[in-house]
Amino acid sequence: MTEWIQACDAEDVEQEDVIRFDHAGRTFAIYRSPDDDYFATDGLCTHEKVHLADGLVMDEIIECPKHNGRFNYKTGAARGAPVCVDLKTYPVKVEAGKIFLQLG
Amino acid sequence: MIENIANTLSGMQVFDIFQSMTLGLMEPRSHLGEAMMNATVAADDYRPTKRDYSLIGRDARRAVEIGLSAAEWYHTDVPRKQMKELMKRDDGPAIRDTMIWLGVLIQSGAGGALLWGSWWCVPFFLVYGVLYGSSTDSRWHECGHGTAFKTQWMNDVVYQIACFMIMRNPVTWRWSHTRHHTDTVIVGRDPEIAVMRPPDLVRLVLNFFGILDAWQAMIDMVRNASGRLSAAERTFIPEMEQYKAIRVARIWLVIYLATIALAVYLGSLLPLMLIGLPRLYGAWHHVMTGLLQHGGLADNVTDHRLNSRTVLMNPVSRFIYWNMNYHVEHHMFPMVPYHALPKLHELIKHDLPAPTPSILAGYREMIPAFLRQLRNEDYFIKRELPPTAQPYREEFHAEGKTTAE
Ligand code: FES
């Protein structure tokens, strides 16, 4: 069963940036693209479990702060060494200025 | 996990554990608690034993078992807004520096080739050698991190060129450097420890001329080209990437064989003076700066302020070295491009040991430490923090030497 979880205010995430969101013992990363669209992925890098929210967002890429591994945060696709495993992504919606994540 | 250990044991017990680890007294255990209980007992039974730097050896297993590998490392607090500014990528500085680098490289190489046979070629080859055999160390490094250029293909192109010149397989060394950042100077885990304890001084001196490194690189290249990876390489290169290491080694082997064939055909050393040998006669600068990164400092700690050294340098060396003299800063925040490291240094220097004021000062500190490590391999240089810094955990430094001494 899937449910929508309220995560934060849309304004909490700066344009072309990412924040961390913890819920029920899990950690997620919420992104705001340069076009003001919102996305969400698992919060930890698939390489060595580092928080991606400390990384750098460039266009549709999140770069991990530990070894500069890159993912496309829109699709979760790993974009080369040292990350080899894709990130899990989650549907996001914005309602009345609030961000909701649909967690599987 | 290291934090958890510290919370549950007294400072002395924790010191015992780290001393035991570095002395090689703890036997591998499958259970962390059991290993820690044995550590205190083992420390009473002091006897110096060699560190095991093998990536598949005793200390490697131990580091994983006690959580020293892939541990949480100390970071200075930097507000996100400022960190984002510092991490920002820009093609401009790296394009400018690469044009200067390649421009001078080509001109000095051409000058050396034209004047080949007279002593006038010497200064040209001195410049060419450093740009070929030393500048490529930092270009390999920065482009490997993907931070030098904003545009990724530019990082990739310069990375491949630099790897060829510095004789580092681009696949193997990308993964070894990843491990170096996960487990910086953790014995048995870090494949890039330049000065192992006790130091092999003959090896260090020979490597100023690239002799052992280049020889080893050739052996690795031939082995990889024959389709084989060493057991150590297999510990850090994922299986799906291994074929790439083999493919590159084959291409390089063809280039070197062609260069040797040309030298034989011409009856001249000149082709090898331009390809291959500069890795020897131009290596001295990257070895000189590289040894300063961690030489003589602590091992098996999880705070880069203790095991890395920031050294203030002249602008020419900083150009060759692409600001890697800000080494504590780089390890703490590998996302910050080389051109922003001086700014990062200004921002966090209140939390770091004072930078070593020059290359010479670095060697004045390091050489006596190496000599002392010949007698006592557990000796290391203790870094002093300014009063404005967050303290580090003293148990790491119970046996050290303060830089103020
Ligand atoms: S932890 Fe993310 S790239 Fe290594």
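Quantities reported herein were computed from a predicted structural model and do not represent experimental measurements. As a convention, each chain's residues are numbered from 1 in the sequence order in which they are written. Chains and ligands are labelled by the order in which they are written, letters from A for the one and numbers from 1 for the other. For this predicted model, a pLDDT threshold of at least 70 governs which residues receive local features, and a threshold of 80 or more governs which side-chain atom pairs are given and counted, while totals over whole chains, interfaces and linings are taken from all residues. Think of the side-chain values as coming from all heavy atoms in the structure, minus any hydrogens and water.

Q: Account for the sheet that holds strand S5 (residues 56-58) of chain A, with residues named and values stated.
A: All names here are of chain A. Any two strands with at least two DSSP-identified bridges between them are counted as paired. Secondary structure is summarised from DSSP: a helix means a run of H or I of at least four residues, a strand means a run of E of at least two, and numbering begins at the N terminus for each. Taken in spatial order, the three strands of this open sheet run S5-S6-S7, and their pairing is antiparallel. Bordering the open sheet on either side are S5 and strand S7 (70-72), each of which pairs with just one other strand. Geometrically, the sheet is characterised by an average inter-axis angle of 25° between neighbouring strands, direction not taken into account. Strand direction decides the pairing type here: S5 and strand S6 (residues 61-63), joined by three bridges, are antiparallel. Within S6, the position partnered with valine 57 by the bridge is isoleucine 62. Axis lines are fitted to C-alpha atoms, over the contacting stretch for helices. Their N-to-C directions set the angle, which ranges from 0 to 180 degrees.

Q: So, the packing of aromatic side chains: which residues are in play, and what are the values?
A: Residues and elements named next belong to chain B. Ring pairs are drawn from Phe, Tyr and Trp, using the six-membered ring of Trp, whenever the two centres fall within 6.5 Å, and their geometry is named by plane angle: stacked under 30 degrees, edge-to-face over 60, tilted for the rest. Within this structure, the stated rule accounts for twelve aromatic pairs over all chains. With 5.9 Å between their ring centres and 85° between their planes, tryptophan 116 and phenylalanine 125 make a pair best called edge-to-face. Three exposure classes are used, based on accessible area relative to the maximum for each residue type with a 1.4 Å probe and protein chains only: buried under 20%, partly exposed in between, and exposed over 50%. The buried category is assigned to phenylalanine 125, whose relative accessible area is 4%. With 6.2 Å between their ring centres and 85° between their planes, phenylalanine 125 and tyrosine 281 make a pair best called edge-to-face. Within this pair, whereas phenylalanine 125 is found in helix H7 (residues 121-133), its partner tyrosine 281 is found in helix H16 (residues 278-281), the two being separated by 156 residues in sequence.

Q: Kindly report on the UniProt feature "transmembrane region" (unreviewed entry) in chain B, identifying the contributing residues and their values.
A: UniProt positions are given in the numbering used here, feature names are shortened, and annotations may be inferred rather than shown by experiment. Feature annotation in UniProt places "transmembrane region" (unreviewed entry) on residues 251-275 of chain B, given in this structure's numbering. Secondary structure across residues 251-275 of chain B divides into 84% helix and 0% strand, with the first and last C-alpha atoms of the span separated by 14 Å.

Q: An account of the UniProt feature "domain: Rieske" (unreviewed entry) in chain A is needed here, citing residue identities and associated values.
A: In this numbering, the UniProt entry assigns the feature "domain: Rieske" (unreviewed entry) to residues 5-101 of chain A. The span residues 5-101 of chain A is 0% helical and 44% strand by assignment, and the distance between its end C-alpha atoms comes to 5 Å.

Q: Describe the packing of helix H10 (residues 170-182) of chain B against helix H14 (residues 239-266) of chain B, with residues and values.
A: Residue and element names in this part refer to chain B. Contact geometry for H10 and H14: axes closest at 7 Å, N-to-C directions at 135°. Between H10 and H14, the crossing angle belongs to the class labelled oblique. Contacts between H10 and H14 involve Pro170, Val171, Thr172 and Trp175 on the former and, on the latter, Glu241, Lys244, Ala245, Val248 and Trp252. For this classification, Asp, Glu, Lys and Arg are treated as charged, while Ala, Val, Leu, Ile, Met, Phe, Trp, Tyr, Cys and Pro are nonpolar and the rest, including Gly, are polar. Looking at the contact of H10 with H14 residue by residue, the classes come out as six nonpolar, one polar and two charged. An angle counts as roughly parallel when it lies under 35 degrees, as roughly antiparallel when it exceeds 145, as roughly perpendicular when it falls between 65 and 115, and as oblique in every other case. By definition, residues are in contact when any of their heavy atoms lie within 4.5 Å.

Q: Before we move on, can you summarise empty space enclosed by the protein with the specific residues and values?
A: All names here are of chain B. A cavity here means a set of points on a 1 Å grid, drawn over the protein atoms and nothing else, where a 1.4 Å probe fits but cannot get out; a pocket is an open set with protein on both sides within 12 Å along at least five of seven lines, and a residue lines either one if it has an atom within 4 Å of a point. Grid points are joined across faces, edges and corners, and a volume is the space filled by probe spheres set on the points. As enumerated under the stated definition, the model contains two cavities of 30 Å³ or more in all. By volume, the second largest cavity is sized at about 40 Å³. Lining the second largest cavity are Arg305, Ser308, Thr310, Val328, Pro353, Ala354, Pro355 and Arg383. Of the residues belonging to the lining of the second largest cavity, the class tally is four nonpolar, two polar and two charged.

Q: I'd like a description of the sheet that holds strand S4 (residues 38-42) of chain A, backed by residues and values.
A: All names here are of chain A. Taken in spatial order, the four strands make up an open sheet running S2-S3-S4-S8, and their pairing is antiparallel. Every other strand in the sheet has two partners, leaving strand S2 (17-23) and strand S8 (89-90) as the edge strands with one partner each. In this structure, strand S3 (residues 26-32) lies alongside S4, joined through five bridges in antiparallel fashion. Note on S4: the bridge partner recorded for arginine 32 is tyrosine 38.

Q: Lay out the nonpolar core in plain terms, naming residues and giving numbers.
A: Residues and elements named next belong to chain B. In terms of nonpolar packing, the biggest core is built from 33 residues, with Cys143, Ala148, Phe149 and Trp252 touching the most fellow members. For this core, the elements supplying multiple residues, two or more each, are helix H6 (91-114), H7, helix H8 (135-145), helix H9 (152-166), helix H12 (211-225), H14 and helix H15 (270-274). The leading source of residues in this core is H9, at eight residues. Residues contacting phenylalanine 149, with those up to four places away along its chain left out, are Asp90, Asp91, Ala94, Ile95, Thr98, Cys143, Met154, Asn155 and Val158. Nonpolar core, defined: a set of buried Ala, Val, Leu, Ile, Met, Phe, Trp, Tyr and Cys residues in which side-chain atoms within 4.5 Å join the residues together.

Q: Now, about the layout of surface pockets: what can you tell me, with residues and values included?
A: Picture a little ball the size of a water molecule; that probe, rolled over the atoms, points out where space is still empty. In this structure, the second largest pocket spans a volume of roughly 900 Å³. Lining the second largest pocket are 30 residues, and of these A:Val50, A:Asp54, A:Pro65, B:Glu72 and B:His75 sit closest to its centre. Within the residue set of the lining of the second largest pocket, elements represented by two or more residues are S2 of chain A together with helix H5 (80-87), H10 and helix H20 (327-332) of chain B. Take the lining of the second largest pocket: its biggest share by element is three residues, from H5(B). Grouping the constituent residues of the lining of the second largest pocket by class yields 15 nonpolar, seven polar and eight charged.

Q: How would you explain the pairing of strand S9 (residues 92-95) of chain A if you had to name every residue and give the values?
A: All names here are of chain A. Looking at chain direction, S9 and strand S10 (residues 98-103) are connected through four bridges and run antiparallel. Looking at the pairing, valine 92 lines up with leucine 101 of S10. Between S9 and S10, which pair antiparallel in sequence order, lie two residues; one of them, alanine 96, sits at a positive phi of approximately 50°.

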